[in-house]
Amino acid sequence: METSTAAFLQAVGLQKRPPQGFLEEVNDQFTMGYKKRITLFALFLLVGLALCFLSTMVLFSPRSFAKFYTLGTVCILCSTFFLMGPAKQFRTMFHPRPPANIDNDLPNIDGAPLMPLTT
């Protein structure tokens, strides 16, 4: 009876199970809940967007522009790590095949300048 109650409380999340080794202890430290992931995503996205916007303010100073724009882009990229996880994000980014919607949009791009003339 005692083990089933303890197992139920661990499954529901009301009681933590003791870590069995070093790797499980490290894993417990790095797990995040849904609310924390969304909060960090929003925070990194806003900081990245602010840095990219700030880079346009210093457009005529190339070094400052490069610093702000690069930091902003890195923050925006890191914000997606909180949603997907870094491993899945890199697998998706470096997938050898382009997304399917690019193939569908190419005819629209080629014919777009001629569309007003066809009416």
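To keep things clear, this report deals only with the structure shown in the data block. (Residues numbered from 1 in each chain as written. Predicted model: local features only at pLDDT ≥ 70, side-chain atom pairs only at ≥ 80, totals over all residues. Heavy atoms only, no water.)

## Focus on the overall build of the protein chain
This is how it is decided: Numbering of helices and strands runs from the N terminus, with a helix taken as a DSSP run of H or I at least four residues long and a strand as a DSSP run of E at least two residues long. Three labels apply to residues, based on accessible area from a 1.4 Å probe with only protein chains included: buried if under 20% of the type maximum, exposed if over 50%, partly exposed otherwise in between. By definition, residues are in contact when any of their heavy atoms lie within 4.5 Å. The accessible surface values rely on the Shrake-Rupley method and a 1.4 Å probe; as for residues, cover is taken only from the protein chains in view.
When its secondary structure is counted, the protein chain shows six helices and zero strands. Secondary structure elements of the protein chain, listed N to C terminal, follow the sequence α-α-α-α-α-α. Expressed as a percentage of the 119 residues in the protein chain, the buried residues total 9%. Across the protein chain, contacts joining residues at least 24 apart in sequence account for 42% of those joining residues at least 6 apart. Just so you have it, the protein chain exposes about 10,100 Å², and 69% of that area is on carbon and sulfur atoms.

## Notes on the packing of aromatic side chains
Worth spelling out the cut-off: Pairing of aromatic rings covers Phe, Tyr and Trp, the last counted by its six-membered ring, and requires centre-to-centre distances within 6.5 Å; plane angles under 30 degrees mean stacked, over 60 mean edge-to-face, and any other angle means tilted.
For the coordinates displayed, the defined rule picks out four aromatic pairs. Taken together, Phe81, Phe90 and Phe94 form an aromatic cluster joined through their ring pairs.

## Side note on the side chain of Ser79
Inspection of the secondary structure puts Ser79 in helix H4 (residues 62-84). The exposure class assigned to Ser79 is buried, which follows from its relative accessible area of 1%. Not counting residues within four places of it along the chain, the set of residues in contact with Ser79 comprises Phe41, Phe44 and Leu45.

## Side note on the packing of H4 against helix H5 (residues 86-93)
Each pair of packed helices can be described by the angle between their axes along with the distance between the axes. Counted only if it meets this: Only C-alpha atoms enter the line fits that serve as axes; for helices the fit covers just the stretch in contact. Angles between N-to-C directions range over 0 to 180 degrees. Should an angle fall under 35 degrees it is called roughly parallel, over 145 degrees roughly antiparallel, and 65 to 115 degrees roughly perpendicular, with every other angle called oblique. In this scheme the crossing of two helices becomes right-handed for a clockwise turn of the near helix relative to the far one and left-handed for an anticlockwise turn of less than a right angle. Just so you know the grouping, Ala, Val, Leu, Ile, Met, Phe, Trp, Tyr, Cys and Pro go in nonpolar, Asp, Glu, Lys and Arg go in charged, and all remaining residues, Gly too, go in polar.
Orientation of H4 relative to H5, taken along the N-to-C sense of each, is 115°, at an axis distance of 7 Å. What the angle tells us is that H4 and H5 run roughly perpendicular. Between H4 and H5 lies a crossing of right-handed hand. Touching Leu77, Thr80, Phe81 and Met84 of H4 are Pro86, Lys88, Gln89, Phe90, Thr92 and Met93, all from H5. Here the contact of H4 with H5 is built from residues that sort into six nonpolar, three polar and one charged.

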